[in-house]
Amino acid sequence: MAPSHLLKCCQKVLAWIPVVFIVLVVCWSYYAYVVELCIFTIQSTGEKAVYLVIFHLSFIMFVWSYWKAIFSHPATPSAEFFLPKSDKEQYEREERPEAQQVILKRVARELPLYTRTATGAIRYCDRCQLIKPDRCHHCSACDMCVLKMDHHCPWVNNCVGFSNYKFFLLFLLYSMIYCSFVAATVAQYFIKFWTNGLPDTQAKFHVLFLFFVAAMFFISILSLYSYHCWLVGRNRSTIEAFRAPVFRNGPDKNGFSLGVSKNLKEVFGDEKKYWLLPIFTSLGDGCTFPTRLVNLDPEQATTPLPADSTKNIGDGQTFPTRPLSESQNRLLSGAWGHVAVPVESDS
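In short, a report on the structure.

The rules behind the values
Residues numbered from 1 in each chain as written. Predicted model: local features only at pLDDT ≥ 70, side-chain atom pairs only at ≥ 80, totals over all residues. Heavy atoms only, no water. Helix = DSSP H or I, 4+ residues; strand = E, 2+ residues; numbered from the N terminus. Expected span 1.5 Å × (residues − 1). Contact = heavy atoms within 4.5 Å. Polar contact = N/O pair within 3.5 Å; in protein donor to acceptor, adjacent residues only side chain to side chain. Buried < 20%, exposed > 50% of the residue type's maximum accessible area, 1.4 Å probe, protein only. Core = buried A, V, L, I, M, F, W, Y, C linked by side-chain atoms within 4.5 Å. Salt bridge = Lys/Arg side-chain N within 4 Å of Asp/Glu carboxyl O. Phe/Tyr/Trp six-rings, centres within 6.5 Å; stacked < 30°, edge-to-face > 60°. Lys NZ or Arg CZ within 6 Å of the ring centre and 35° of its normal.

1. Comments concerning helix α3 (residues 45-71)
A rise of 1.5 Å per residue sets the reference length of α3, with its 27 residues, at 39 Å; its end C-alpha atoms lie 38 Å apart and thus fit the reference within 8%. Packing partners of the buried residues in α3 comprise α2 (17-39), β7 (158-160) and α6 (165-194). Two or three places before E47, at the opening of α3, S44 has a side-chain oxygen 3.3 Å from that residue's backbone nitrogen.

Listed below in structure tokens is the structure:
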């Protein structure tokens, strides 16, 4: 027990190495740009002022979004998706997979589920002992089931999913803006130092490396950000891009796509004034999602989970969930004539 516990502790500590590396690079870039470039190298007061104002705006948004991507706890399934005690005991007693599936299907009839495994079975996590909501997957690094899991990112030491996907996208966006601004404004002084147009000082080393580092990070982040923009436009996660979700009528890689505009609103919210701010505005509760299915799944419940509660995302933190009838129906209006989505009963 002790060696296993020690190994887990070491793994947790080592997992922070990429984050520490990024923090150190960012701290050095701040010093190199503000002190070595703006204070010691640039002579024009006006140029210094403009550069410092824009630099600090991009720096603040970059750090804010990075912080939120790191420390937003992954959202996990609510209690409704755990097997009741009697069903759990019966499930554990059964040895035949067919009998276990009968139990899972009986419980799943009361849940808003539309996806299955590749073999058509109910998606069940033996590790967490729960029925997985649509788009939910188990993260081996976090050792938990994560709602709308996209991937586990070592650079934020966190699982990117429903609770922080918007923050992750903004982190990529603002890191690109930060790097591009630094590279663009440093370029002329990089050339002057390179061609000996400025005297050799301590600033020369910092300016030269600052340009190379900013340009390198910008190019690498650009490809990743472009890929995730493509995913958002099609309402897919990284997992779904490689393995299409399976519905009762078969795999459908576009099963959750509602069109580019509505796909964007599902991630960033329906109020555009908050899109560029790292605050949680995503629609829905992370457990149920509108789909493009032509026909409703006759085996699934038509009553959603309670929508007026706040969803726990761990460590005592909560974020509000919007009623499905409000957020999802707003997404669905004008999309298709028939869409598979749980609706609230008026009775």
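Resuming the write-up.
2. Looking at the side chain of D87
With respect to the element layout, D87 can be found in helix α4 (residues 85-93). We classify D87 as buried; its relative accessible area is 12%. Those residues in contact with D87, other than ones at most four positions away along the chain, are I103, R106 and V107.

3. Section: the nonpolar core
Counting 51 residues, the largest nonpolar core has Y33, F55, V156, Y165, V182 and V186 as its most contacted members. Of all elements in the fold, only α2, α3, α6, α7 (202-233) and α9 (260-268) reach the threshold of two or more residues within this core. If sequence neighbours within four positions are ignored, Y165 has contacts with D150, V160, H228, L231, V232 and V267. A75, L111, C128 and F162 belong to the second-largest nonpolar core, a separate cluster that totals 21 residues.

4. Re the pattern of salt bridges
Taken as a whole and judged by the stated rule, the model has five salt bridges. A salt bridge links D143 to R127; the shortest N-O distance between them is 2.8 Å. Pair noted here: D143 is in the loop between β4 (137-139) and β5 (144-146) and R127 is in the loop between β2 (124-125) and β3 (130-131), with a separation of 16 residues, a long-range link. For D143, a relative accessible area of 37% puts it in the partly exposed group. For E240, the salt bridge goes to R135, with nearest N and O atoms at 2.8 Å. On the criterion of sequence distance, the pair formed by E240 in helix α8 (residues 238-242) and R135 in the loop between β3 and β4 is long-range, its members being 105 residues apart. Residue classification places E240 among the buried residues on the basis of a relative accessible area of 5%. Given a relative accessible area of 3%, R135 falls into the buried group.

5. What about the environment of F212?
Looking at the secondary structure, you find F212 in helix α7. Residue class for F212 comes out partly exposed when judged on its relative accessible area of 47%. In this structure the C-alpha to C-alpha distance between F212 and A183, which are 29 residues apart in sequence, comes to 7.8 Å.

6. Comments concerning the packing of aromatic side chains
For the structure shown, the criterion picks out 27 aromatic pairs. Seen in terms of ring centroids, F62 and F171 are 6.0 Å apart; in terms of plane orientation they differ by 25 degrees. Their pairing is stacked. Here the residue F62 occupies a position in helix α3, and F171 occupies one in helix α6, the gap between them amounting to 109 residues. Overall, F171 belongs to the buried group, its relative accessible area being 9%. Through pairs of rings, three or more aromatic residues link up here, namely Y30, Y33, Y51, F55, F59, F62, Y66, F168, F171, Y178 and F181. When the ring centre of F256 is taken as origin, the NZ or CZ atom of R135, which lies over that ring, is 4.3 Å away. It is R135 that lies over the ring of F289; its NZ or CZ is 5.0 Å from the centre.

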